[in-house]
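Listed below, chain by chain, are the residues.
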Amino acid sequence: MRELLARLRLPLLFTTLLVFTLASMVVDRRVSQGGGRDHSWWTGILMEIAVPIQKVLTFPIEATSHLWSRYVALVDVQEENDALRARLARLEEQNLQFREALVASGHLQRIVQMREGFEVPLLPTAVVGQDVSPWFRSVLLDRGGGHEVRSGMPVVTDRGLVGLVTATSPRAARAMMLLDRQSAVDGIVQRSRARGIVRGRGTGKLEFTLVVRGDDVQVGDVVITSGLGGVHPKGLRIGEVTEVNVGDSQLLHTAVLRPAVDFGRLEQVFVMLHRGPTMRLLYEGEGDLAADPEGSRETASR
Amino acid sequence: MRRALALAGLGLAVLILQSVATAVLPVRFVPDLTLLLAVAAAVSASTLEGMLISTGVGYGADLLSGSLLGQHALLRLGAFLGTRVVSAQFHLKRGLPLAVCAVGVTVADALGTAGLGWLFAGDPMLGLHAPLDLAARAGVNALCAPLMVGLLDTVLELLTEREARRRDVRLETRRPVL
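What you are looking at is a predicted structure, and each value in this text was computed from that prediction instead of being measured. (Residues numbered from 1 in each chain as written. Chains lettered and ligands numbered in written order. Predicted model: local features only at pLDDT ≥ 70, side-chain atom pairs only at ≥ 80, totals over all residues. Heavy atoms only, no water.)

A. Expanded view of the sheet that holds strand E12 (residues 268-272) of chain A. Residue and element names in this part refer to chain A. Sheet architecture is closed into a barrel: six strands sit in the order E1-E2-E5-E4-E3-E12, paired in antiparallel fashion. Taken over all neighbouring pairs, the strand axes of this sheet differ in orientation by 45° on average, direction set aside. In this sheet, strand E2 (residues 138-141) lies alongside strand E1 (residues 122-130) in antiparallel orientation, the contact comprising three bridges. Among the inter-strand pairings, glutamine 130 is bridged to a residue of E2, identified as valine 139. (Pairing = 2+ DSSP bridges. Helix = DSSP H or I, 4+ residues; strand = E, 2+ residues; numbered from the N terminus. Axes fitted to C-alpha atoms, helices over the stretch in contact; angles between N-to-C directions.)

Take a look at the structure:
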């Protein structure tokens, strides 16, 4: 009997590991589909372990890059500073003119009221780690459920949209970046209002797909979120068109976007502490959106 | 126990190195060190240790990645098994066969990722640009595979030497007196 067990030890171990890995994938998938990933204990424990490790790892890299950018690479800073000051003065003058025009027409007051209605609190969060797998593009954030961060909340910087929170633990969160192949955002061209889906390609560029062939998309156009997916608020900057591919399709064409955010240098991001209607439906099970005043207001605004 | 801790430490060090490489290098040229550790384990370690190292480091990669929990663990276990089968037929300690094997395992890993993505998320996640990325990654992995095997060999040798030194050896120098 002992001999038989010794002989079967390795096949048994292999089978156990195989079943265990498959089972954990199935469970993880089911939990994330059910929208309950905020509090899955194993994800929480693993992420809590990962955050301090990633902080230690990224510290020397960040320190070197800070040293370089703040002390070494400042050769042309005086000239750049003068040019920026001149540009700021011009922009301030223009801004003043615009403000005057808006106040005169009464638009400013209406815009202020609208902003107060849709104001979303932003939580500043540090990026403590990047995805180690080349097939996935996500980041680990150092704020989690304890700071009201929930799965499905958009993540932004001052430059534009970064992605979406996909998992949280009490003190950490994971956010899928726009570059991830699983990411898809409903976007519009700011100039022509042409609509399409912005997809990650796993590389440094984004793809603007499903654009109707007749729609006007040109190199240099800025693409922003449309808000129609019910996930991201309207008007967040996604990227700039660098290439338009007409292709053979009679109906649709695609474009390549350069992301507005520099994903290689993400240090601090902001989590928008607000879920869109679709995310609320998924994670909170709010079936009747019309009954929710916040949801109906947001939907109406779009 | 000491050996298990040392191998766990090696797995952690590989994850740390991978994390640093991801932060520094362009994503296309980041070697998949966890995959290479599974390959190295198949070449150098025992079957039991290799399976545990591969699955453990796979779970570690899942922890630091946006994948499903267990996805990398399953793929690393598969990579270990595949390389073990190949190593039974070829002498993988030599540079060229090992590099070719690393390329094959990288391609198989990509197909496995695509298959699992299709199975669990309904999307294989491999676009038109995947072959180019894959070729670059396979090349980088082929270059790094001998280094990883060398590293694991060194660690295993050190552990074996230390264990041999610590082992109690009793020499029977006298005949028992009746």
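Let's pick the thread back up.
B. Broad picture of the packing of aromatic side chains. All told, the structure shown has one aromatic pair over all chains when counted by the stated rule. Its end group placed over the ring of tryptophan 135 of chain A, arginine 137 of chain B keeps NZ or CZ at 4.6 Å from the ring centre. (Phe/Tyr/Trp six-rings, centres within 6.5 Å; stacked < 30°, edge-to-face > 60°. Lys NZ or Arg CZ within 6 Å of the ring centre and 35° of its normal.)

C. Quick look at the sheet that holds strand E8 (residues 206-212) of chain A. All names here are of chain A. Around the barrel, six strands lie side by side as E6-E7-E8-E11-E10-E9; this closed barrel has antiparallel pairing. Between one strand axis and the next, the sheet turns through 40° on average, direction left out of account. As defined by bridge partners, strand E9 (residues 222-225) adjoins strand E10 (residues 237-245) across three bridges and the pair is classed as antiparallel. Directly across from valine 222, in E10, lies its bridge partner glutamate 240.

D. Layout of unusual backbone geometry. Residue and element names in this part refer to chain A. Unusually for a residue other than glycine, glutamate 148 sits at a positive phi of about 70°. Note that glutamate 148 resides in the loop between E2 and strand E3 (154-156). Looking at glutamate 148, the relative accessible area reads 48%, which means it is partly exposed. In this structure, leucine 210 is a non-glycine residue whose phi angle is positive, near 55°. By secondary structure assignment, the location of leucine 210 is in strand E8. (Buried < 20%, exposed > 50% of the residue type's maximum accessible area, 1.4 Å probe, protein only.)

E. Representation of the nonpolar core in the model. Ranked by internal contacts, the top residues of the largest apolar core, which has 48 residues, are Leu36, Leu37, Leu98, Met148 and Leu152 of chain B. Looking at this core, the elements that each hand over two or more residues are helix H1 (2-33) and helix H2 (41-72) of chain A together with helix H1 (2-24), helix H2 (33-44), helix H3 (47-63), helix H4 (71-87), helix H5 (95-121) and helix H6 (130-166) of chain B. No other element matches H2 of chain B, which puts 10 residues into this core. Formed jointly, this core draws a minimum of three residues from each of two domains, domain 2 (40-117) and domain 3 (122-302) of chain A. Setting aside chain neighbours within four positions, we find leucine 36 of chain B in contact with Ala102, Asn141, Cys144, Ala145 and Met148 of chain B. Formed by 37 residues, the second largest nonpolar core is a distinct cluster that contains Val165, Val223, Ala255 and Leu257 of chain A. (Core = buried A, V, L, I, M, F, W, Y, C linked by side-chain atoms within 4.5 Å. Domains from an automatic or database assignment. Contact = heavy atoms within 4.5 Å.)

F. Main features of the interface of chain A and chain B. Taken together, the 37 residues of chain A in the interface contact 45 residues of chain B. Summed over both partners, the interface of chain A with chain B comes to about 4,100 Å²; 72% of that surface belongs to carbon and sulfur atoms. In terms of surface lost to chain B, no three residues of chain A exceed Met25, Val132 and Trp135 of chain A, which account for 20% of the buried area on that side. Across the chain A-chain B interface, the total number found is one salt bridge. There are 10 residue pairs in polar contact (both at pLDDT 80 or more) connecting chain A and chain B. Per-element accounting of the side of chain A that touches chain B gives the leading share, 14 residues, to H1 of chain A. (Buried area = accessible area lost by both parts, 1.4 Å probe. Salt bridge = Lys/Arg side-chain N within 4 Å of Asp/Glu carboxyl O. Polar contact = N/O pair within 3.5 Å; in protein donor to acceptor, adjacent residues only side chain to side chain.)

G. A look at the pattern of salt bridges. Going through the model one piece at a time under the given rule, you end up with 11 salt bridges over all chains. One salt bridge connects arginine 181 of chain A with aspartate 133 of chain B, and the closest N-O pair in it is separated by 3.6 Å. Remark: aspartate 133 of chain B occurs in helix H6 and arginine 181 of chain A occurs in the loop between strand E5 (172-177) and strand E6 (184-189); the pair is interchain, linking two chains. Here arginine 181 of chain A and aspartate 133 of chain B have matching classes, each one buried. Aspartate 133 of chain B sits in the buried class, given a relative accessible area of 1%. Among the charged side chains, a salt-bridge network with shared partners connects Arg181 of chain A together with Arg28 and Asp133 of chain B.

H. Region of interest: the packing of H3 of chain B against H4 of chain B. All names here are of chain B. Where H3 contacts H4, the axes come no closer than 7 Å and their chain directions differ by 150°. For the element pair H3 / H4, the angle class is roughly antiparallel. The crossing of H3 and H4 is right-handed. Judged by residue contacts, Thr47, Gly50, Met51, Ser54, Thr55, Gly58, Tyr59, Ala61 and Asp62 of H3 engage Gln71, His72, Ala73, Arg76, Leu77, Phe80 and Arg84 from H4. Its residues assigned to classes, the contact of H3 with H4 shows six nonpolar, seven polar and three charged. (Parallel < 35°, antiparallel > 145°, perpendicular 65-115°, else oblique. Left-handed = near helix turned anticlockwise from the far one by under 90°. Nonpolar A, V, L, I, M, F, W, Y, C, P; charged D, E, K, R; others polar.)

I. Broad picture of a nonpolar patch on the surface. Taken together, Met1, Leu4, Leu5, Leu8 and Leu12 of chain A make up a surface patch of nonpolar side chains, about 530 Å² in accessible area. Tracing the backbone through its elements, the reader meets leucine 8 of chain A in helix H1. (Patch = residues over 30% accessible without salt bridge, like charges linked within 9 Å, V, L, I, M, F, W, Y side chains within 5 Å. Areas by Shrake-Rupley, 256 points an atom, 1.4 Å probe, with all protein chains shown as cover.)

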